Amino acid sequence: MRIKKPSPAMVVAIVALVMAGGGSAVAAVNFARNAGAVDHLSAVRANASLSKAAGRLVATSRKGVHKGQIPARFLDTSGVSRPTSFALGVPVNDNAVGGANILHSSALGRLTMACNDQSAKVGVEDPTMTIAFTNTSPNTINIAHVNGGGNPVVSGLAAGTVDQFAVPGSSTFRVHAEYGGTDVVYEGIARQIGQGSNNASCLVVGTAETVTP
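Residues numbered from 1 in each chain as written. Predicted model: local features only at pLDDT ≥ 70, side-chain atom pairs only at ≥ 80, totals over all residues. Heavy atoms only, no water.

1. So, a nonpolar patch on the surface
Our working definition: Distance thresholds for patches are 9 Å for like charges and 5 Å for nonpolar side chains (Val, Leu, Ile, Met, Phe, Trp, Tyr), applied to residues having over 30% relative accessible area and no salt bridge. The method behind every accessible area is Shrake-Rupley, applied with a 1.4 Å probe, and residues are considered shielded solely by the protein chains displayed. The rule for a salt bridge is simple: a side-chain nitrogen of Lys or Arg has to be within 4 Å of a carboxyl oxygen of Asp or Glu. Helix and strand labels come from DSSP, where a helix needs a run of H or I of at least four residues and a strand needs a run of E of at least two; each type is numbered from the N terminus. Only protein chains enter the accessibility calculation, which uses a 1.4 Å probe. A residue is then buried if its area is under 20% of the maximum for its type, exposed if over 50%, and partly exposed in between.
A cluster of nonpolar residues, Val38, Leu41 and Leu57, forms a patch on the protein surface that exposes about 220 Å² of accessible area. Topologically, Leu41 is positioned in the loop between helix 1 (8-33) and strand 1 (43-44). Look at Leu41 and you get partly exposed, because its relative accessible area is 34%.

In structure tokens form, the structure reads like this:
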């Protein structure tokens, strides 16, 4: 029996079929390799270095207190508010002015509290507090403070200088510092403890919130 030679059209059809099958196989291999990837990018582990993670996806932590979360070092937090808290109790020195105690430090300056005795009588203490913000930056910054329900005091604060106010009793306060789009805002409570005794103290608690551009 004589087998007929395939026509040129048949040869082209067979080649096309083989090529199509091969392409499907390659596609299947590529799909298997990239399963779970996004835009052909596979995630690196949460403990990867910044250089290794550059341009790639980052997986969440698998265990620990941050399980299911992306580590903060991989996140751009510019423009994000970062709040923190502060609390400090200081005993009164009878008939004396206290030194400055740091409540919070930031890129713009340092918030402090001094606990003083405003009573002239020996053994009878009446706490008063001095809240101060020192500009530790090299620039003149914008500063505002509000003591209790009073009117805000707004000014420029040169580098190395201090904006301060007295809290003669228990009250609230607010301090707002700003320069170049960076804002630091303090909300606090100043409280007298043991007024009229020989063992009085000052307590300041509050929050500090920093926002950067």
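After that view, the rundown keeps rolling.
2. Some thoughts on the sheet that holds strand 9 (residues 162-167)
We apply this condition: In this description, strands pair whenever DSSP reports at least two bridges between them. Where helices are involved, their axes are fitted lines through C-alpha atoms of the stretch in contact, as for all axes, and angles between N-to-C directions lie from 0 to 180°.
Strand order across the open sheet formed by 4 strands is 4-5-6-9, with antiparallel pairing between neighbours. Looking at strand neighbours, the two that pair on one side only are strand 4 (100-105) and strand 9, the edges of this open sheet. For this sheet, the mean inter-axis angle between neighbouring strands, taken without regard to orientation, is 20°. In the sheet, strand 6 (residues 127-135) pairs with strand 9 via 6 bridges, with the strands oriented antiparallel.

3. Digging into the pattern of salt bridges
Across all of its chains, the model carries 1 salt bridge by this definition. Notably, a salt bridge pairs Arg174 with Glu187, separated by 2.5 Å at the nearest N-O pair. Residue Arg174 is found in strand 10 (residues 171-179), and its partner Glu187 is found in strand 11 (residues 182-193); the two are separated by 13 residues along the sequence. Judged by relative accessible area, Arg174 falls into the partly exposed class, the value being 35%. Among the residues examined, Glu187 registers a relative accessible area of 38% and is labelled partly exposed.

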